[in-house]
Amino acid sequence: MIIDLQQATARLRNGEVVAVPTETVYGLAASLSLPHAIAQIFSLKGRPENNPLIIHLADPSQVIPFAKSLPAGFDRLVSHFWPGPLTIVIPILPETIPEKARAGLATAAFRVPAHPLACALLTQTGPLVMPSANLSGKPSATQAQHVEADFGPAFPVLDGGACNKGVESTILYYDEKDSRWEIIRQGALSAESFAQILGYTPKIVGKENTATPLCPGQLYRHYAPKAELRLVKTFDPTMQGVVLGYPEHIYPPGCRLIPLGTLSSPGSVAENLYAVLRALDVEKIPAAWVDMNIPENGLWSTIAERLIKAANK
Ligand code: TXA
Ligand code: MG
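As a starting point, this report considers the structure included with it. From a predicted model like this one, the values you see are computed outputs, not experimental measurements.

Once that is clear, we can look at the overall build of the chain. Along the chain, the regular secondary structure elements total eight helices and 15 strands. A compact globule built from 313 residues should have a C-alpha radius of gyration of about 20 Å, and the chain, at 19 Å, falls within 12% of that. In the chain, which comprises 313 residues, the proportion classed as buried is 54%. Within the chain, contacts between residues separated by at least 24 positions form 64% of all contacts whose residues are at least 6 apart in sequence. In the chain, 26 positive and 27 negative side-chain charges are present, and the distance between their average locations comes to 3 Å.

Bringing the site of ligand 1 into the picture now. Surveying the vicinity of ligand 1 reveals 28 residues, the closest of which are Thr24, Asn51, His56, Ser169 and Gly217. Interatomic distance of 3.0 Å between a side-chain N/O atom of threonine 107 and a nitrogen atom of ligand 1. Arginine 111 places a side-chain nitrogen or oxygen 3.0 Å from an oxygen atom of ligand 1. Expressed as a share of its isolated accessible area of 680 Å², the protein-covered part of ligand 1 is 98%. Of the pockets mapped on this structure, ligand 1 occupies the largest pocket. Listed by contribution, the elements that provide at least two residues to the shell around ligand 1 are strand S4 (54-56), strand S6 (107-111) and strand S10 (180-185). When its residues are assigned to classes, the shell around ligand 1 shows 16 nonpolar, eight polar and four charged.

Let's shift gears to the layout of surface pockets. In this structure, the largest pocket occupies an estimated 710 Å³ of space. Forming the walls of the largest pocket are 44 residues, and the residues nearest its centre are Arg47, Asn51, Pro52, Ile171 and Cys215. Those elements that provide at least two residues to the lining of the largest pocket are S4, S6, strand S9 (170-175) and S10. It is S6 that provides the largest number of residues to the lining of the largest pocket, a total of four residues. Within the lining of the largest pocket, the residues separate by chemical class into 22 nonpolar, 16 polar and six charged.

The next thing to look at is the packing of helix H7 (residues 266-282) against helix H8 (residues 299-311). The interhelical angle for the contact between H7 and H8, taken along N-to-C directions, is 15 degrees, at an axis separation of 9 Å. Here H7 lies roughly parallel to H8, going by the angle between them. You can see that H7 and H8 cross each other, and the crossing is left-handed. Of the residues in H8, those in contact with Pro266, Gly267, Val269, Ala270, Leu273, Tyr274 and Leu277 of H7 are Leu299, Trp300, Ile303, Arg306, Leu307 and Ala310. Partitioning the contact of H7 with H8 into residue classes produces eleven nonpolar, one polar and one charged.

Right, let's talk about the pattern of salt bridges for a bit. Summed over the entire model, instances satisfying the criterion amount to nine salt bridges. The closest approach of N and O atoms between arginine 306 and glutamate 168, which form a salt bridge, is 3.2 Å. With arginine 306 in helix H8 and glutamate 168 in the loop between strand S8 (157-158) and S9, the pair connects residues that are 138 residues apart, well separated along the chain. When sorted by exposure, arginine 306 lands in the same class as glutamate 168, which is buried. The salt bridge involving glutamate 305 is made with lysine 309; its shortest N-O contact spans 2.6 Å. Placement of the pair is glutamate 305 and lysine 309 together in helix H8, with a separation of four residues, close to one helical turn. Each of the two residues, glutamate 305 as well as lysine 309, counts as buried. One salt-bridge network, held together by shared partners, links Glu168, Glu305, Arg306 and Lys309.

Turning next to the packing of aromatic side chains. Here a ring pair, both rings aromatic, is described through the centre-centre distance and the interplanar angle of the planes. Overall, the coordinates contain eight aromatic pairs when judged by the stated rule. Considering the side-chain rings of phenylalanine 74 and tryptophan 82, the 6.1 Å spacing of their centres and the 90 degrees angle between planes classify their relative orientation as edge-to-face. Note on tryptophan 82: relative accessible area 6%, which makes it buried. Here the guanidinium or amino end of lysine 100 rests over the ring plane of phenylalanine 42, the centre of that ring lying 5.3 Å away.

A full pass over the atoms with the stated rule returns zero disulfides. Here cysteine 119 stays unpaired: no disulfide links it, and the sulfur of cysteine 163, its closest cysteine neighbor, is 13 Å away. Taking the relative accessible area as the measure of exposure, cysteine 163 reaches 2% and is therefore buried.

The subject of this paragraph is the nonpolar core. Core analysis: the biggest nonpolar cluster contains 49 residues, and Leu77 and Phe110 have the highest contact counts within it. Apart from residues lying up to four places away in sequence, leucine 77 is in contact with Trp82, Leu86, Ile88, Leu172, Trp181, Phe194, Ile197 and Leu198. By size, the runner-up hydrophobic cluster in this structure holds 36 residues, among which are Tyr251, Ile285, Met292 and Ala310.

Before going further, it helps to examine unusual backbone geometry. Here tryptophan 82 and proline 83 are connected by a cis peptide whose omega angle stands at -5 degrees. Structurally, proline 83 can be placed in the loop between helix H3 (74-81) and strand S5 (86-91). With a phi close to 50 degrees, alanine 103 is a non-glycine residue in the positive phi region. Inspection of the secondary structure assignment puts alanine 103 in the loop between S5 and S6.

Procedures and definitions
- Residues numbered from 1 in each chain as written.
- Chains lettered and ligands numbered in written order.
- Predicted model: local features only at pLDDT ≥ 70, side-chain atom pairs only at ≥ 80, totals over all residues.
- Heavy atoms only, no water.
- Helix = DSSP H or I, 4+ residues; strand = E, 2+ residues; numbered from the N terminus.
- Rg over C-alpha atoms; globule rule 2.2 N^0.38 Å.
- Buried < 20%, exposed > 50% of the residue type's maximum accessible area, 1.4 Å probe, protein only.
- Contact = heavy atoms within 4.5 Å.
- Lys, Arg positive; Asp, Glu negative; His and termini not counted.
- Charge placed at Lys NZ, Arg CZ, Asp CG, Glu CD.
- Near = heavy atom within 4 Å.
- Polar contact = N/O pair within 3.5 Å; in protein donor to acceptor, adjacent residues only side chain to side chain.
- Areas by Shrake-Rupley, 256 points an atom, 1.4 Å probe, with all protein chains shown as cover.
- 1 Å grid on protein atoms, 1.4 Å probe; cavity = no way out; pocket = protein on both sides within 12 Å on 5 of 7 lines; lining within 4 Å.
- Sits in = over half its atoms within 2 Å of the grid points.
- Nonpolar A, V, L, I, M, F, W, Y, C, P; charged D, E, K, R; others polar.
- Points joined across faces, edges and corners; volume = space filled by probe spheres on them.
- Axes fitted to C-alpha atoms, helices over the stretch in contact; angles between N-to-C directions.
- Parallel < 35°, antiparallel > 145°, perpendicular 65-115°, else oblique.
- Left-handed = near helix turned anticlockwise from the far one by under 90°.
- Salt bridge = Lys/Arg side-chain N within 4 Å of Asp/Glu carboxyl O.
- Phe/Tyr/Trp six-rings, centres within 6.5 Å; stacked < 30°, edge-to-face > 60°.
- Lys NZ or Arg CZ within 6 Å of the ring centre and 35° of its normal.
- Disulfide = S-S within 2.5 Å.
- Core = buried A, V, L, I, M, F, W, Y, C linked by side-chain atoms within 4.5 Å.

None of this, on its own, says anything about what the molecule does.
Next comes the structure, spelled out in structure tokens:
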């Protein structure tokens, strides 16, 4: 059910959960100050309790009351990338944030989104927690209709059209031992995009499977359609059926190409990614080949990571 800004504001103040567009993906929003609304988010999504939420703010200065300390370089990062698809994890004063939102951790994740509707809403409501608006494990939602597909047609959605980044924010964490920022979840900002601001390209960590990853959400199955995805770098004629690929590449005769976008624009691939994965299920396609013969740098690295997770049953 599509609602407007005023209705979204009223519902959030009333302790309800509504879906909200951001420039990355749609979020399921609840007021940070209403723990029962936060609890609703976990049950609606089927989200494990030990997976903390990102706190979304209207303005960078709103971080201050929550922060125990601000790591070196925080101000530079924030003034360059906020509003935008960057999430930063910092040590917090635990009593300022409901335990449920931060999954009991002594840190919390913050982001100032760039979508005009999200900004207008946050100005009205104050801080909101917003995980991606999908059932846990499923591809994220980048259109209002994706949210309704997961939560039903009666679920309230503030419709902001299609999200233009299409993949989640990049999450940075400051490693005190190395005195360096690290990427604990790849996202809409590539590692390379931080080089000029930080003076180095942050390392992407957590690719190793450890029992205690820096980013708890990385433990779980993610972004996966019902369709079985078979990732391949080269094709042979025995590979038939649906291919998620690129118009610039040649596939075996008889295959049906569903374009992920074009090789000249990783941004377009990211933007379409979850819509393409969701379309497989809408069309009841049981399996698809995925062309992984793509560059490894920049946003391609995020795209590859999402496809690998989506294929992981
Ligand atoms: O683009 C985005 O970030 C979207 C939009 C709606 O803003 N939100 C989003 O939220 O992707 P979610 O809940 O789907 O993913 C948040 C990730 C999870 O993997 C969680 O474990 C991690 O952030 N996270 C949250 N707080 C953390 C913390 N204190 N330390 C490490 N990771 C944290
Ligand atoms: Mg998510």
